[in-house]
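As a plain string of letters, each chain reads:
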Amino acid sequence: MKTKQILLSTMIGMACVMGVAGAASARDQIRIVGSSTVFPFTSTVVERFSQTSKFGAPILESTGTGGGMKLFCSGVGTDFPDATGASRAMKASEFDSCQKNGVSQVTELIIGYDGLTISQSKKGTPINLTKAQLFNALAKEVEVNGQIVANPYKKWSDIDKSLPAIEIEIMGPPPTSGTRDAWVELVMETGCKEFPTIKNLDKARHDTVCKTMREDGLFIEAGENDNVIVQRLETNPKAFGIFGYSFLEENVDKLRGVPVNGVEPTYETIAGQTYPVARPLFMYFKNQHVGVVPGLKEFLAEYASERAMGDEGYLADKGLVPLPDAKRKASEAAALKLTPMAKPAS
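How each quantity is defined
- Residues numbered from 1 in each chain as written.
- Predicted model: local features only at pLDDT ≥ 70, side-chain atom pairs only at ≥ 80, totals over all residues.
- Heavy atoms only, no water.
- Salt bridge = Lys/Arg side-chain N within 4 Å of Asp/Glu carboxyl O.
- Helix = DSSP H or I, 4+ residues; strand = E, 2+ residues; numbered from the N terminus.
- Buried < 20%, exposed > 50% of the residue type's maximum accessible area, 1.4 Å probe, protein only.
- Core = buried A, V, L, I, M, F, W, Y, C linked by side-chain atoms within 4.5 Å.
- Domains from an automatic or database assignment.
- Contact = heavy atoms within 4.5 Å.
- Pairing = 2+ DSSP bridges.

- The chain carries the name Phosphate ABC transporter substrate-binding protein in an unreviewed UniProt entry, which gives Niveispirillum cyanobacteriorum as its organism.

**Quick word on the pattern of salt bridges**
So, step 1. This model, assessed by the stated rule, comprises 18 salt bridges.
So, step 2. Where Arg205 meets Glu141, a salt bridge forms, and the shortest distance between an N and an O atom there is 2.9 Å. A residue pair is termed long-range when its members are at least 10 positions apart, and Arg205 in helix H9 (residues 203–211) and Glu141 in strand E5 (residues 141–144) qualify at 64 residues.
So, step 3. Note that Lys203 and Asp207 form a salt bridge whose closest N and O atoms lie 2.8 Å from each other. Residue Lys203 and its partner Asp207 are located together in helix H9, separated by 4 residues, close to a single helical turn.
So, step 4. The exposed category is assigned to Lys203, whose relative accessible area is 64%.
So, step 5. Each of Glu306, Asp311, Asp325, Arg328 and Glu332 takes part in salt bridges that share partners, so that together they form one network.

**What about the nonpolar core?**
So, step 1. Counting residues in each nonpolar core, the largest one holds 67 residues, and the members touching the most others are Met90, Phe135, Trp156, Ile170, Trp183 and Tyr284.
So, step 2. A per-element tally of this core places helix H7 (residues 178–191) first, with 6 residues.
So, step 3. Shared between two domains, this core takes at least three residues from each, and those domains are domain 1 (31–113 + 279–337) and domain 2 (115–278).
So, step 4. Sequence-distant contacts of Ile170, defined by excluding residues within four places in its chain, comprise Ile118, Ala137, Leu138, Trp156, Leu218, Phe219, Ile220, Phe240 and Ile242.
So, step 5. Val46, Val290, Ala308 and Ala335 belong to the second-largest nonpolar core, a separate cluster that totals 27 residues.

**Regarding unusual backbone geometry**
So, step 1. Its identity is not glycine, yet Asn261 carries a phi of approximately 50 degrees, on the positive side.
So, step 2. Its place among the elements puts Asn261 in the loop between strand E10 (255–257) and helix H12 (267–271).
So, step 3. Phi at Gln273 is positive, roughly 60 degrees, even though this residue is not glycine.
So, step 4. On the basis of relative accessibility, which here comes to 41%, the residue Gln273 falls in the partly exposed class.

**So, the pairing of strand E4 (residues 106–121)**
So, step 1. Of all 16 residues making up E4, 15 are buried, and the element is well covered by its neighbours.
So, step 2. Strand direction decides the pairing type here: E4 and strand E11 (residues 278–286), joined by 9 bridges, are antiparallel. Counterpart to Asp114 in the pairing with E11 is Arg279.
So, step 3. Sheet topology note: the E4/strand E9 (residues 240–244) ladder contains 5 bridges and is antiparallel.

See the structure below:
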């Protein structure tokens, strides 16, 4: 078995060096890792692909965006994934890691938009929050009377007397999650700009204050499986959870999305980019495995099709918000041509 695996890895490497598509059959199944947010969309494509093609169903694993990138960029061959889902764009450091490990050509597919929600049980007290209030609820350090101090806020009403007098309890993703990265960028870093003392800090200190989540138990890292957060919200009406819009939509009979800066997370507000916590979602494919791993090219084509990603596509039925026509068609065309992505700016 070990000899066979070495042989297959060697064959895939030869195919990459020679540029010969279909030079070897590396595995019987495609292997995909990555974001828990992208997982339900990819799972739907996997199901359609296995029903309509001659290829077996790809193996799909939810590892988180950061974990998926690490696995994807670790090398070329049978031991490494063919594709990874991401709830944020690939970082320059991850691109460099790919290049260093021989993953020299990567195709990026922007699959659509998702809104990051802070949601609660419909049995809970309705609440409206600003990004500044969310920063105060979640940051390890906050500004109080012109001083940067350890977060003293235990109840929502401690932050603002107009908010409910209930304990802050927020469940969210771990540091390996792209959802966590996006939340920090779109909510924490934006919210902290409302505080003049924080705004005037030097860059290193500013980044630490704005990007570090509290560690006193009021923010709970709930792992990569967003369904776990959904289940906990059902049983605890006083708690809140951070996850992608698709998970809210799937549980709209039990949960409600909290308006942020006065805008509710809905399909329409995310598509119109009026909801302030929206972000694009991505799939990344290893070009060197195309034509080598059976069905990978065809799977990419299924994902990048109008029947999947289009306005009336089946991913929209799962809660994915389609890209505007021109941007979507450009993303689809680049992916189908296996256009290698350039190094990200950051």
